[in-house]
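Now for the letters of each chain:
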Amino acid sequence: MSEVWLDGEQVDFQGPAPSSTSEVWAVLEQYLGGVDRVVAEFLVDDEEWNSEGGEVTAYQVVRAQSRSQEENLALIANALIDQKDVLLGAWREVSLKVLSTGWESFQQEAIGVLNVTQPLLENCGLLTQFANARGLGWEDSLQQASQGMEGALGIYMDAFEAADCVALSDCAAVTMTEALGLAYDGLALIGGEASEGEVS
């Protein structure tokens, strides 16, 4: 008979356990959502599995671990902060290269820096939505940062489309760098508040 364990305790389904991993995941996700937690780890017969993985319809043991929403937010924020030096360095390099490299050969790099910035912009937006829904207190600072990045990207794209190397360099070196700084300040606040709370 299949078994499901959550945070070290066997789950009592008042009958047989769900027959597939996706069903188990859905049940646990729904339950954890009600207690403000999320699935952190999901092992099927000692193999890691997630909701995007292939369906498993025959399993012996599922062992799942959960984490609090606060800890989850901190992990997201800190993962983004870990990329701070790389991202700021990429924009700094763009601001210099656009003035010293031929425009034709530079265009691909100009687009590339947008691609590496997208995860930060998207996650800041998602975190802001989450915070707005719950009134967590730091949503305003992150929303301002998101708006700053979107504004900077608009200026950057205008300069790119006009092939204006000087304006593009100024945007990368100043406008975007300042917007990124605000974003990382907001993320540091999230990580700090989350890590001060009780997380498990």
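Report follows, based on the coordinates. (Residues numbered from 1 in each chain as written. Predicted model: local features only at pLDDT ≥ 70, side-chain atom pairs only at ≥ 80, totals over all residues. Heavy atoms only, no water.)

### Some remarks on the packing of aromatic side chains
Here comes step 1: For the coordinates displayed, the defined rule picks out six aromatic pairs.
Here comes step 2: Taking 4.9 Å as the distance between ring centres and 75 degrees as the angle between the ring planes, the aromatic pair formed by W91 and Y156 counts as edge-to-face. Linking W91 in helix α3 (residues 84–100) with Y156 in helix α5 (residues 139–161), this pair joins segments that are 65 residues apart in sequence.
Here comes step 3: Accessibility expressed as a relative area gives 0% for W91, which makes it buried.
Here comes step 4: With a relative accessible area of 0%, Y156 lands in the buried category.
Here comes step 5: On the numbers, 5.4 Å between centres and 50 degrees between planes, the contact of W103 with F160 is tilted. Here W103, found in helix α4 (residues 103–134), pairs with F160, found in helix α5; they are 57 residues apart in sequence, far enough to count as distant. Like F160, W103 is buried. (Phe/Tyr/Trp six-rings, centres within 6.5 Å; stacked < 30°, edge-to-face > 60°. Helix = DSSP H or I, 4+ residues; strand = E, 2+ residues; numbered from the N terminus. Buried < 20%, exposed > 50% of the residue type's maximum accessible area, 1.4 Å probe, protein only.)

### Things to note about the packing of α4 against α5
Here comes step 1: Two numbers describe how α4 lies on α5: the axes approach to 9 Å, and their chain directions differ by 160 degrees. The angle between α4 and α5 places the two elements in the roughly antiparallel class. Between α4 and α5 the crossing geometry is left-handed.
Here comes step 2: Of the residues belonging to the contact of α4 with α5, the class tally is 16 nonpolar, six polar and two charged. (Axes fitted to C-alpha atoms, helices over the stretch in contact; angles between N-to-C directions. Parallel < 35°, antiparallel > 145°, perpendicular 65-115°, else oblique. Left-handed = near helix turned anticlockwise from the far one by under 90°. Nonpolar A, V, L, I, M, F, W, Y, C, P; charged D, E, K, R; others polar.)

### A look at the sheet that holds strand β4 (residues 47–48)
Here comes step 1: As summarised here, the arrangement of the five strands in space is β2-β1-β5-β3-β4, forming an open sheet in which the pairing is mixed. Every other strand in the sheet has two partners, leaving β2 (9–10) and β4 as the edge strands with one partner each.
Here comes step 2: Those strands touched by helix α1 (residues 21–34) are β1 (3–6), β3 (37–44) and β5 (61–68), and its axis lies near 155 degrees from that of β3.
Here comes step 3: Helix α2 (residues 69–81) contacts β3 and β5 of the sheet and is inclined by roughly 80 degrees relative to β5. (Pairing = 2+ DSSP bridges. Contact = heavy atoms within 4.5 Å.)

### With respect to α3
Here comes step 1: Given a rise of 1.5 Å per residue, 17 residues ought to cover 24 Å, and the 25 Å separating the end C-alpha atoms of α3 matches this to within 8%.
Here comes step 2: Where α3 is concerned, the buried positions are L87, L88, W91, V94, S95 and V98. The buried side chains of α3 occupy one side of the element, clustering within an arc of 110 degrees when seen end-on. Exposed side chains of α3 directed beyond 90 degrees from the buried face belong to D85, V86, L96 and S100. (Expected span 1.5 Å × (residues − 1). Arc of directions from axis to C-beta.)

### Concerning unusual backbone geometry
Here comes step 1: Its identity as a non-glycine residue notwithstanding, D36 has a phi of 65 degrees, on the positive side.
Here comes step 2: Note that D36 resides in the loop between α1 and β3.
Here comes step 3: Notably, D46 is not glycine yet its phi reads approximately 70 degrees, a positive angle.
Here comes step 4: Looking at where D46 falls in the secondary structure, it is placed in the loop between β3 and β4.
Here comes step 5: Assessed through its relative accessible area of 65%, D46 is described here as exposed.

### A look at α1
Here comes step 1: The end-to-end C-alpha separation of α1 is 20 Å, in line with the 20 Å expected for 14 residues at 1.5 Å each.
Here comes step 2: When α1 is considered as a whole, its buried residues turn out to be T21, V24, W25, L28 and L32. Looking straight down α1, one finds that the buried residues subtend no more than 95 degrees of arc, so they occupy a single side. For α1, the exposed residues lying more than 90 degrees away from the buried face are Q30 and G34.
Here comes step 3: Considering only its buried residues, α1 is in contact with β1, β3 and β5.
Here comes step 4: Positive backbone phi, at 65 degrees, marks D36, one or two positions downstream of α1.

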